[in-house]
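What follows is each chain in one-letter form.
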Amino acid sequence: MADNYLEKKFEEHLNAPYKPVRPKRSPTASRRVVVTGGAKGIGSHIVRSLRVAAHKVAFCDIDEVAGRETALRTGSDFYHVDVADAGDYMAFLRDVAEKWGGLDVIVNNVALKRKADILDFTPELFDSTMATDVRPVLIGAQQMACLRKGHDGAPVPSFGRIVNICSSCSRQSAPGNDVHSAAKGAISSLTHSLALSLAPYGITVNSISPGKIYEPDIDPSPSATLPPSGRVGRPEDVARVVRFIIEDGSDFINAENIVVDGGMTRKIIPNQ
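Heads up: these notes are all about the structure in this document. Here the structure is a predicted model, which is why all the values come from computation and not from measurement.

### Here we look at the sheet that holds strand E7 (residues 257-260)
Here is step 1: Read across the sheet, 7 strands follow the order E3-E2-E1-E4-E5-E6-E7 without closing on themselves; strand pairing throughout is parallel. This sheet does not close on itself; its edge strands, each paired only once, are strand E3 (77-80) and E7. On average, each strand axis in the sheet is tilted by 20 degrees relative to the strand beside it, whichever way the strands run.
Here is step 2: In the sheet, strand E1 (residues 32-36) pairs with strand E2 (residues 56-61) via 5 bridges, with the strands oriented parallel. Paired with valine 35 across the strands is phenylalanine 59, a residue of E2.
Here is step 3: Lying on the sheet, helix H2 (residues 41-52) is in contact with E1, E2, strand E4 (105-108), strand E5 (160-165) and strand E6 (203-210); it crosses E1 at an angle near 170 degrees.
Here is step 4: Across the sheet, helix H4 (residues 86-100) touches E1, E2, E3 and E4, and the angle it forms with E2 is around 165 degrees.

The following block contains the structure:
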């Protein structure tokens, strides 16, 4: 039996029934978010996830039918915009910022996923991929910075997040992905440099690199190699990371690339 007061109290603590304690979390502020390529696939799951978190979401896509369906299903704002048209994309960002009185988050999800044998490569394919995948990242970053300039032109820091959906092909690629890999490699490098350029404005810049992601209604081939996590990737796996990055308390995560592939790029697959 314990002799002194502290030891007795500690003994009582050890013998007391377990009571789980749920820490109080302050509610996350509603943010004004733009998502590119949000009509379907990973983009639509990001839109839905952010709406569930009570954020205002406007997204753009070239697929008007799918875009309207996602907007109706999620209660978000849809704009029929091709981000490869720089003028239209800038007008879209300005319209959303004017409507909501600012812009807090941009999720750059849109991508041209065209496989092409090296012999089929054309300069036009390269240019269109860069115009769709890479240039909007720079345009969005510039617009976010412009919204945070004071009357004297000096930066006025305020909450801001840019999340670039990249690809695990920077670690593990396949034949025919040359142009796609070039674009995603450029976005990965931009993530690092923009994090420094936008730091004075209070904006963090990070990227997410998904591995192979399957839609819920699409089953992978029975012979597909599973990652160490033991299951295939789903769009909501990426959407959850986006939500985490744009939380108020995630501001110390900056210039990072988060790989969401179940550990696949770390797995050594023996030669068959």
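That shown, we press on.
### Remarks on the pattern of salt bridges
Here is step 1: Under the defined criterion, the tally for this structure stands at 7 salt bridges.
Here is step 2: Between arginine 68 and glutamate 64 there is a salt bridge whose closest N-O contact spans 3.0 Å. Of this pair, arginine 68 and glutamate 64 both sit in helix H3 (residues 64-74), separated by 4 residues, roughly a single helical turn.
Here is step 3: A salt bridge links aspartate 237 to arginine 231, with the shortest nitrogen-to-oxygen separation between them at 2.9 Å.

Cut-offs used in this document
- Residues numbered from 1 in each chain as written.
- Predicted model: local features only at pLDDT ≥ 70, side-chain atom pairs only at ≥ 80, totals over all residues.
- Heavy atoms only, no water.
- Pairing = 2+ DSSP bridges.
- Helix = DSSP H or I, 4+ residues; strand = E, 2+ residues; numbered from the N terminus.
- Axes fitted to C-alpha atoms, helices over the stretch in contact; angles between N-to-C directions.
- Contact = heavy atoms within 4.5 Å.
- Salt bridge = Lys/Arg side-chain N within 4 Å of Asp/Glu carboxyl O.

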